[in-house]
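Here is what each chain is made of, one letter per residue.
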Amino acid sequence: MEDIIQFDNYLKKFKKKLIGPLNCSIKKARITALLGSSGSGKTVILNSLLGMIKNFNGKILVEGINRKSLKYFKVNKKIGYYTQMDFSLYNVSAYKFLLDISIMMGLNKKNVRMKIENWMKYFDLWEARNKSIKSFSWGMKNRMNLILCFIKDPEIIIMDEPGANLDSYWRNKIKNLLIEYKKQNKTVIITVHNIDEIADIIDDYIIIDNGENVFNGSAEELDIYAKYKVYINERFNHKNFRFFLSEYGIKAFKFDRDENSLVVAIENFKQINFLFLYLIKNNLPLKNLVKLPINMESIHKALESKKLMQS
Ligand SMILES: Nc1ncnc2c1ncn2[C@@H]1O[C@H](COP(=O)(O)OP(=O)(O)OP(=O)(O)O)[C@@H](O)[C@H]1O
Ligand SMILES: [Mg+2]
């Protein structure tokens, strides 16, 4: 798979904060999530990629073109960007605003009106087209921001926290759009707080913590941090079970007496068989087996134990 964006020793220094060094790449026609807790540097990295932050060290390349070079304006045309923008200064109708912006962005005048109509209908703003955007609710403003991101039909879509301020109905619509864009060989970069919401569409992850890159790889590679919760339908000796699993290199975590469950970390799918082996040997009925969502906390724990094992 071809790399479309590269960070080459990217480093941004603020007085009190260092973001980077970041060395990683983003693949074309994939959905990449930029993940990290609040304040870890996601927006700063995206703003640098978009050219809104200019004084950083290292390089950002898009299709091989250096972010700092003059040819860069050409690349910007291919990028659609979503962020939460407030329109309270704009006292114009939603339709007029989109028309002006579209023409400013260089969209083809012939079909621009049709495009605006289609997108306003898609995001349920067509009825409100003649209202001033100043008066729009937060949800409506966010949908305007979504239109601004998609109307260029960009090759690269960058979305900073698209889930915030949108309910599950709209989040699902965005999800479907992104799946559609990927099919058209387009590249998507998205930042999120809550991975669970979109984990099913993410191909690759870049995880940063406190400005440092802690993980860079595919969803499958991230899966080694997956944990499963085994619910058993009868009382069982959790110490015996743990010991059995440890002999196969499987780590067990929390035993919950009330739920009668045990959490285990599975590093490859074959290890799951050993869970069953124990249950069969001890004639224990399985009640449920649940894959726990991967969150920042679980990633941190996994990375810490990996460090300990290496040291
Ligand atoms: N202009 C600036 N001057 C000084 N420090 C800044 C500036 N912009 C960002 N920072 C610092 O850089 C760090 C990263 O901020 P950033 O907004 O990128 O975080 P984030 O990962 O997007 O967080 P969130 O998930 O809350 O959006 C923060 O500690 C912030 O204080
Ligand atoms: Mg941010």
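All figures in this text were calculated on a predicted structure; none of them were measured in a lab. (Residues numbered from 1 in each chain as written. Chains lettered and ligands numbered in written order. Predicted model: local features only at pLDDT ≥ 70, side-chain atom pairs only at ≥ 80, totals over all residues. Heavy atoms only, no water.)

What follows is about the overall build of the protein chain. Looking only at helices and strands, one finds 10 helices and 14 strands in the protein chain. Along the first, second and third principal axes, the C-alpha set of the protein chain runs to 70 × 45 × 35 Å. Burial statistics for the protein chain: of 311 residues in total, 49% are counted as buried. Taking the contacts inside the protein chain whose residues are at least 6 apart along the sequence as the reference set, 67% of them involve residues at least 24 apart. Carbon together with sulfur atoms contributes 51% to the accessible area of the protein chain, which is approximately 16700 Å² in total. (Helix = DSSP H or I, 4+ residues; strand = E, 2+ residues; numbered from the N terminus. Buried < 20%, exposed > 50% of the residue type's maximum accessible area, 1.4 Å probe, protein only. Contact = heavy atoms within 4.5 Å. Areas by Shrake-Rupley, 256 points an atom, 1.4 Å probe, with all protein chains shown as cover.)

With that settled, the discussion passes to the pattern of salt bridges. Within the structure shown, the criterion is met by 11 salt bridges. Between Asp153 and Lys186 there is a salt bridge, with its nearest N and O atoms 2.8 Å apart. Separated by 33 residues along the polypeptide, Asp153 in the loop between α5 (138-150) and β7 (156-160) and Lys186 in the loop between α6 (168-183) and β8 (187-192) bring together distant segments of the chain. Overall, the relative accessible area of 41% leaves Asp153 in the partly exposed class. Among the residues examined, Lys186 registers a relative accessible area of 5% and is labelled buried. Ionic pairing is found between Glu259 and Lys229, a salt bridge with its closest N-O pair at 3.0 Å. Taken as a pair, Glu259 in the loop between β12 (251-256) and β13 (261-265) and Lys229 in strand β11 (residues 227-232) lie far apart in primary sequence, 30 residues in all. Assessed through its relative accessible area of 32%, Glu259 is described here as partly exposed. (Salt bridge = Lys/Arg side-chain N within 4 Å of Asp/Glu carboxyl O.)

Here helix α8 (residues 238-247) has its buried residues at His238, Phe241, Phe244 and Leu245. Down the axis of α8, the smallest arc covering the buried residues is 125°, so these residues share one side. With respect to the buried face of α8, the exposed residues turned more than 90 degrees away are Lys239, Phe243 and Glu247. In this structure, the buried side of α8 is in contact with β11, β12, β13 and α9 (271-281). Its side-chain oxygen at 3.0 Å from the backbone nitrogen of Lys239, Asn237 defines the N-terminal cap of α8. Looking one or two residues past α8, Gly249 carries a phi angle of roughly 75°, positive in sign. (Arc of directions from axis to C-beta. Polar contact = N/O pair within 3.5 Å; in protein donor to acceptor, adjacent residues only side chain to side chain.)

Its place among the elements puts Asp160 in strand β7. The side chain of Asp160 sits in the buried core without any salt bridge; Lys42 is the nearest counter-charge, 6.6 Å away. Setting aside residues no more than four positions away along its own chain, Asp160 makes contact with Thr43, Leu46, Tyr81, Tyr82, Thr83 and Thr191. (Lys, Arg positive; Asp, Glu negative; His and termini not counted.)

Taken from the UniProt record, the annotation "domain: ABC transporter" (unreviewed entry) applies to residues 5-235. Strand forms 29% of residues 5-235 and helix 31%; the C-alpha atoms that close the span are 53 Å apart. (UniProt positions renumbered as here; feature names shortened; annotations may be inferred.)

This part covers the domain arrangement of the protein chain. We note that the domain assignment places domain 1 (3-222) and domain 2 (227-293) within the protein chain. Computed from C-alpha coordinates alone, the two centres of domain 1 and domain 2 are separated by 41 Å. (Domains from an automatic or database assignment.)

Turning our attention to the packing of α8 against α9. Interaxial distance between α8 and α9 falls to 10 Å at its minimum, and their mutual angle equals 135°. Accordingly, the angle class assigned to the pair α8 and α9 is oblique. Crossing angle aside, the handedness with which α8 passes α9 is right-handed. Seen from α8, the contacting residues are Asn240, Phe241, Phe244 and Leu245; seen from α9, they are Phe274, Leu275, Leu277, Tyr278, Leu279 and Lys281. When the residues that make up the contact of α8 with α9 are grouped by side-chain class, the tally is eight nonpolar, one polar and one charged. (Axes fitted to C-alpha atoms, helices over the stretch in contact; angles between N-to-C directions. Parallel < 35°, antiparallel > 145°, perpendicular 65-115°, else oblique. Left-handed = near helix turned anticlockwise from the far one by under 90°. Nonpolar A, V, L, I, M, F, W, Y, C, P; charged D, E, K, R; others polar.)

Residues three or four positions apart in an α-helix share a direction because the helix packs 3.6 residues into each turn. Between the first and last C-alpha of α6 there are 23 Å, a value that for 16 residues agrees with the 22 Å anticipated at 1.5 Å per step. For α6, the complete set of buried residues consists of Trp170, Lys173, Ile174, Lys175, Leu177, Leu178 and Tyr181. Buried positions along α6 lie against β3 (31-35), α4 (109-122), α5, β7 and β8. Asn185 lies just past α6 and shows a positive phi near 70°. (Expected span 1.5 Å × (residues − 1).)

This part covers the site of ligand 1. In the vicinity of ligand 1, the residues found are Phe14, Lys17, Ile19, Ser37, Ser38, Gly39, Ser40, Gly41, Lys42, Thr43, Val44 and His193. The contact in question runs from an oxygen atom of ligand 1 to an N or O atom on the backbone of Gly39, over 2.8 Å. Ser40 has a polar backbone atom sitting 3.3 Å from an oxygen atom of ligand 1. The fraction of the free accessible surface of ligand 1 (640 Å²) that becomes covered by protein chains is 58%. Counting residues per element, the shell around ligand 1 draws most heavily on helix α1 (residues 42-50), which supplies three residues. (Near = heavy atom within 4 Å.)

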